[in-house]
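Understanding the architecture of this molecule
The residues making up each chain are set out below.
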Amino acid sequence: MSKMVVSLDDLESSHILDNPIYHSLVSIHSSFNLGNENVAFFPPEIMPMVGAPRWDSDVQPTILSSLPKGVDSFIVLHRERISIEPSLAETLFEGIGVQMVCFDVAPFDFSGFSIQALDSTHVPAMLALTKLTQPGPFVKNTINFGSFVGILKDGDLVAMGGERLQLPCVNNKFSEVTSICVHPEYQRKGYGRAIITHICNRIKQRGDIPFLHCRQSKTGAIGMYEKVGFRKRCDVHVANFRIK
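These notes cover the structure that comes with them. Since the structure is predicted, the reported quantities are computational estimates derived from the model, not experimental observations.

Observations concerning the overall build of the chain
The secondary structure content of the chain amounts to five helices and 10 strands. Taking 18 Å as the expected radius of gyration for a compact globule of 244 residues, we find that the chain reaches 18 Å, a close match to that expectation. If one aligns the C-alpha atoms of the chain with their principal axes, the spans along those axes are about 55 × 45 × 30 Å. Counting every position in the chain, which comprises 244 residues, the buried fraction comes to 47%. Across the chain, the fraction of contacts at a sequence separation of at least 24, relative to all contacts at a separation of at least 6, is 72%.

Notes on the side chain of D208
Topologically, D208 is positioned in the loop between α4 (191-205) and β9 (209-215). Once residues within four sequence positions are removed from consideration, D208 is found in contact with N172, K173 and I203.

Here's the deal with the nonpolar core
One finds F42, M126, F148, M160 and F174 to be the most contacted residues of the largest nonpolar core, which totals 35 residues. Among the secondary structure elements, those contributing two or more residues to this core are α1 (20-25), β3 (73-78), α3 (123-133), β7 (156-168), β8 (173-182), β9 and β10 (230-243). Tallying contributions element by element places β7 first for this core, with four residues. Not counting the four nearest positions on each side in its chain, M160 is found in contact with L118, M126, L129, T130, F138, F148, V149, G150, S179, I180, C181 and I195. In this structure, V149, A159, I196 and I203 belong to the second largest nonpolar core, which totals 25 residues.

Observations concerning α4
Across its 15 residues, α4 extends 21 Å between first and last C-alpha, which sits within 8% of the 21 Å expected from 1.5 Å per residue. Of all the positions in α4, only Y191, G192, A194, I195, I196, T197, I199, C200 and I203 are classed as buried.

So, the pairing of strand β4 (residues 89-102)
Here β4 pairs with β10 via 13 bridges, running antiparallel. Each bridged residue has a counterpart across the sheet, and for E90 the counterpart in β10 is R242. Examined bridge by bridge, β4 and β9 share five bridges and lie antiparallel to one another. Bridge pairing in β9 links G97 to R215.

Looking at the sheet that holds strand β6 (residues 149-153)
Taken together, the eight strands give an open sheet; going across it, the order is β3-β10-β4-β9-β8-β7-β6-β5, and neighbouring strands pair in mixed fashion. Here the strands that pair on one side only, and so sit at the sheet edges, are β3 and β5 (115-117). Geometrically, the sheet is characterised by an average inter-axis angle of 30° between neighbouring strands, direction not taken into account. Strand contacts of α4: β4, β5, β6, β7, β8, β9 and β10, with the helix running at about 165° to β8, the strand carrying the most contacts.

Quick look at unusual backbone geometry
Although it is not a glycine, D154 adopts a positive phi angle of roughly 55°. With respect to the helices and strands, D154 occurs in the loop between β6 and β7. Look at D154 and you get exposed, because its relative accessible area is 82%. A positive phi angle is found at S179, which is not glycine, with a value near 55°. Here S179 lies in strand β8.

Thresholds, definitions, all that
- Residues numbered from 1 in each chain as written.
- Predicted model: local features only at pLDDT ≥ 70, side-chain atom pairs only at ≥ 80, totals over all residues.
- Heavy atoms only, no water.
- Helix = DSSP H or I, 4+ residues; strand = E, 2+ residues; numbered from the N terminus.
- Rg over C-alpha atoms; globule rule 2.2 N^0.38 Å.
- Buried < 20%, exposed > 50% of the residue type's maximum accessible area, 1.4 Å probe, protein only.
- Contact = heavy atoms within 4.5 Å.
- Core = buried A, V, L, I, M, F, W, Y, C linked by side-chain atoms within 4.5 Å.
- Expected span 1.5 Å × (residues − 1).
- Pairing = 2+ DSSP bridges.
- Axes fitted to C-alpha atoms, helices over the stretch in contact; angles between N-to-C directions.

None of this, on its own, says anything about what the molecule does.
Below you can see the structure in the form of structure tokens.
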């Protein structure tokens, strides 16, 4: 029997978290998968992400030809850097991030923070806030992952976050915390920490393990995540490609 995962030391150097998009789509989020076990992808209106067990040059034409009609760009996320033959796709963006995992959530005083569930009626405000703050990809039906929450002030959405990728774990599952963003006028006032702590507490109450991804350059956000209880597991590579 596999041992319980209770610390970073229990996560092997090679792990399904190395390839989270693919392993989410062929397991817990298989109902979203429009592909198969060789190339897996979300409906683009939910999340324009693609995963595969390998990205060697010999399988790249098959991967790209398998994508739905109308999809001309997509995002990949992997511990290893993924490059696609220039004759097949143009690289629109490439960057390095960190993957962090939380085993113990730090206490937080929620006084003054009223956190509520978000639903489809909040999507226009969620799209506006994510466009303003750029936490990562968020499109009109990303909310279909469920479990998004936010803080409203005078009817305006000023902070939000939710859960996205989920992967199997001996304990139960890993659940990705995502789209954490705060309106610039409310930053550095505890709103982001309130949102992420709320989400992590909810995940831990289910017996699951929170994890997240953050751009390496966002040192302020990484520091806040560390205060919540997250610890870096590894660097990850993210890229956005456009099919030629």
